[in-house]
Amino acid sequence: MKPSPCFHSIIEVIGNTPMVELHRIVAERSLQGRILAKCEYMSPGFSKKDRIALEMLREARRTGDLKPGQTVVELTSGNTGTGLAICCKALGHPFVAVMSKGNTIERAHMMRALGADVVLVDQAPHSPPNQVSGEDLALVEQRTREILQERGAFRADQFNLMGNVLAHEYTGREIWEQSEGQVTVFVDFTGTGGSYCGIMRYLRQQNPSIRGYLIEPATAPALAGGDVTQQSHKIQGGGYSMCDLRLLDKSLVHAYLRVSDDEVIACARLLACEEGLFGGFSSGANLAGALQVLAGPEQGETVAMLVCDSGLKYLSTDLYQ
Ligand SMILES: Cc1ncc(COP(=O)(O)O)c(C=O)c1O
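Residues numbered from 1 in each chain as written. Predicted model: local features only at pLDDT ≥ 70, side-chain atom pairs only at ≥ 80, totals over all residues. Heavy atoms only, no water.

**Comments concerning the side chain of glutamate 141**
Quick note on the threshold: Only DSSP runs of H or I reaching four residues or more are called helices, and only runs of E reaching two or more are called strands; each is numbered from the N terminus. Within 3.5 Å is the distance limit for a polar contact, defined as a pair of N or O atoms, with the added protein rule that one can donate a hydrogen and the other accept it, and that residues adjacent in sequence qualify only through two side-chain atoms. Throughout, a residue-residue contact means that at least one pair of heavy atoms, one from each residue, lies within 4.5 Å.
Of note, glutamate 141 is situated in helix 5 (residues 134–151). At 2.6 Å, the side chain of glutamate 141 forms a polar contact with the side chain of arginine 145. If near-sequence neighbours (up to four positions away) are discounted, glutamate 141 is found in contact with Leu75 and Arg155.

Below, the structure is given as structure tokens:
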């Protein structure tokens with residue numbers, strides 16, 4: 001393979017992540033079919049969110065919503081903020097990340113190292129540490145709005161800007177091309193719905209019969225219309241029990257899956273120990289979903305999933321202890 005050329009800036013390295021087939025995990029369970037894992041943790045900010053950070057900024061600069069040198073603010077669980085810190089620096093914008101203390105501290109340290117101004121918001125009184133509930137998110141939202149006013153800033157709003165979905169149409173294209181058109185199923189744990197929708201939109205254009213399964217926490221299946229028995233869970237980056245996700249096009253959802261914290265942790269460990277892919281909780285959730293469908297309705301199919309971010313971001317949690 002020819003080595004890549006020297007890039008002008010780190011932002012040119014975003015995207016084009018490798019895809020790896022999970023042979024061992026599938027064979028050891030005697031499952032029929034394939035699981036293809038897209039290694040998003042191999043991006044400069046170690047997550048899939050680098051893609052949307054770049055696309056949201058590019059789009060806003062194109063439309064004039066983001067002026068040269070204007071401050072950018074984002075409510076983040078850490079990954080979008082890390083991507084924005086990298087891209088804002090490269091494009092010349094100061095950046096403020098607003099994050100719940102329920103997210104792991106590694107993310108705050110990393111964003112600060114990348115030049116971001118990080119504002120940490122206290123959790124709601126009864127929220128458990130290392131878990132972000134809908135209530136916690138509401139507090140972060142309130143603080144984000146205040147800072148936007150104070151700083152006259154542009155909001156890189158991943159819950160509302162189409163750049164989030166568009167960025168992942170490219171991810172979908174990569175999945176399609178890397179699988180040589182073999183992928184028939186996609187599973188994804190959802191936060192904003194950006195990666196699910198962007199990827200499914202592209203895949204459905206290529207093959208309208210591709211099935212997408214949206215993954216939610218077992219105790220908070222809000223999008224599936226189930227009972228939310230407990231809002232808090234360990235899968236950082238999503239499962240917020242919000243029913244009105246603006247970017248989520250439910251016509252792209254074939255069915256919904258539920259995964260428990262224990263299942264997610266076991267699957268993240270499996271991914272690392274069996275296949276050498278070191279992901280976070282949501283990567284475990286995606287593997288859990290992929291195994292559920294291969295063992296169930298999608299026997300014999302080719303399932304694609306994302307390894308959303310790096311396990312290094314969770315060393316302060318119980319994920320790998
Ligand atoms: C680690 C991780 N996994 C999954 C998600 C959910 O992705 P999306 O917002 O595209 O639905 C996020 C979102 O922040 C995340 O940071």
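**What about the domain arrangement of the protein chain?**
Applied cut-off: Either an automatic procedure or a domain database provided the assignment from which the domain bounds are taken. By definition, the buried area sums, over both parts, the 1.4 Å-probe accessible area that each loses when the two are put together. Throughout this description, the term salt bridge denotes a Lys or Arg side-chain nitrogen within 4 Å of a carboxyl oxygen of Asp or Glu.
On domain assignment, one finds that the protein chain holds domain 1 (10–47 + 162–314) and domain 2 (49–155). Using C-alpha coordinates to define each centre, domain 1 is positioned 23 Å away from domain 2. The interface is formed by 34 residues belonging to domain 1 together with 28 residues belonging to domain 2. When the area that domain 1 buries against domain 2 is broken down by residue, the three leading residues are Ile11, Gln236 and Lys313, summing to 25%. One salt bridge in this structure joins arginine 107 and aspartate 309, with 3.8 Å as the shortest N-O distance.

**Considerations on the packing of aromatic side chains**
Note the following rule: Stacked, tilted and edge-to-face are the three classes assigned to paired rings of Phe, Tyr and Trp, where Trp is represented by its six-membered ring and a pair needs centres within 6.5 Å; plane angles under 30 degrees give stacked, over 60 edge-to-face, the rest tilted. The classification of residues rests on relative accessible area computed with a 1.4 Å probe and restricted to protein chains. Under 20% of the type maximum is buried, over 50% is exposed, and intermediate values are partly exposed.
Scanning the model with the defined rule gives four aromatic pairs in all. Ring centres of phenylalanine 278 and tyrosine 320 lie 4.6 Å apart, and the angle between their planes is 40°; this geometry places the pair in the tilted category. Of this pair, phenylalanine 278 sits in the loop between helix 8 (261–275) and helix 9 (281–295) while tyrosine 320 sits in the segment after strand 10 (302–307), placing them 42 residues apart in sequence. Since its relative accessible area comes to 27%, phenylalanine 278 is described here as partly exposed. Assessed through its relative accessible area of 24%, tyrosine 320 is described here as partly exposed.

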